[in-house]
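Listed here are the chains, written in short residue letters.
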Amino acid sequence: LIIERQAPGRTWWQIPGGFVEVDEPIHAAIEREVLEETGVVARAVDVVGFRHAAGTPDRPVANIYVVFRLEALSGEPRPDGEESFRAEFVPRERATSVPGLSAMSIWAIAGDSSTLMTSTSPSTSSRTSLKNPVANSARIACCAFSEGAA
């Protein structure tokens, strides 16, 4: 399941996601975000990976992204017109070749277990083990639907 996002002068595709609300369980947050952005009712199955994106001087906010595998329970993908402008199920083997798919989404869709637990340092752009991540935001970013999902 991927969505098209838009910003002034820019359009891209990504897997659904967003921020965890105060006192919201993380699995409920991703299920809520998927429903809001796509109209698909989904159930979080498990966590398949983590990624830390450190802040930069021009954007001093660090995020920890948690990638979930979800099961689609009902609903057909439809955009919300505010955060998503197109929404569709795309087979995993084709998803990473969608033009404009974000690097984060490519990483989440195509990653294997060794690459789904990484930290990206802005100073070196290298990936390191995510043993002691430091972040200052509560963000869930991504979900990936299980192979058998509609």
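What this report covers is the structure whose coordinates are included nearby.

Enumeration according to the criterion identifies zero aromatic pairs in this entry. Over the face of the ring belonging to W12 we find R10, whose NZ or CZ atom lies 3.9 Å from the ring centre. Over the aromatic face of W107 sits the side chain of R51, whose NZ or CZ is 5.1 Å from the ring centroid.

With respect to the helices and strands, the residue T38 is situated in helix α1 (residues 26–38). Residue classification places T38 among the buried residues on the basis of a relative accessible area of 0%. From its side chain, T38 meets the backbone nitrogen of V40 in a polar contact 3.1 Å long. Residue contacts for T38: discarding those within four places in its chain leaves L1, I3, P16, E76, P77, R78 and A87.

Residues I2, V67, V98, L101 and I109 are the most contacted members of the largest nonpolar core, which totals 14 residues. Breaking this core down by element, the ones donating at least two residues are β5 (63–74) and α3 (103–110). Grouped together as the second largest cluster of nonpolar side chains are ten residues, L1, A42, V66 and L70 included.

Looking now at the pattern of salt bridges. Evaluation of the coordinates by the stated rule reveals ten salt bridges. For the salt bridge of R43 with E71, the shortest nitrogen-to-oxygen distance reads 2.7 Å. Of this pair, R43 sits in strand β4 (residues 41–53) while E71 sits in strand β5; the two residues are 28 residues apart in sequence, bridging distant segments of the chain. Of the residues examined, R43 reaches a relative accessible area of 38% and is grouped as partly exposed. Beyond isolated ion pairs, a larger network of salt bridges with shared partners links E21, E24, R32, E33 and E36.

A few words on unusual backbone geometry. Located in the positive-phi region is D23, a residue other than glycine, with phi close to 65 degrees. For D23, the location among the structural elements is in the loop between β3 (18–19) and α1.

About the thresholds
- Residues numbered from 1 in each chain as written.
- Predicted model: local features only at pLDDT ≥ 70, side-chain atom pairs only at ≥ 80, totals over all residues.
- Heavy atoms only, no water.
- Phe/Tyr/Trp six-rings, centres within 6.5 Å; stacked < 30°, edge-to-face > 60°.
- Lys NZ or Arg CZ within 6 Å of the ring centre and 35° of its normal.
- Helix = DSSP H or I, 4+ residues; strand = E, 2+ residues; numbered from the N terminus.
- Buried < 20%, exposed > 50% of the residue type's maximum accessible area, 1.4 Å probe, protein only.
- Polar contact = N/O pair within 3.5 Å; in protein donor to acceptor, adjacent residues only side chain to side chain.
- Contact = heavy atoms within 4.5 Å.
- Core = buried A, V, L, I, M, F, W, Y, C linked by side-chain atoms within 4.5 Å.
- Salt bridge = Lys/Arg side-chain N within 4 Å of Asp/Glu carboxyl O.

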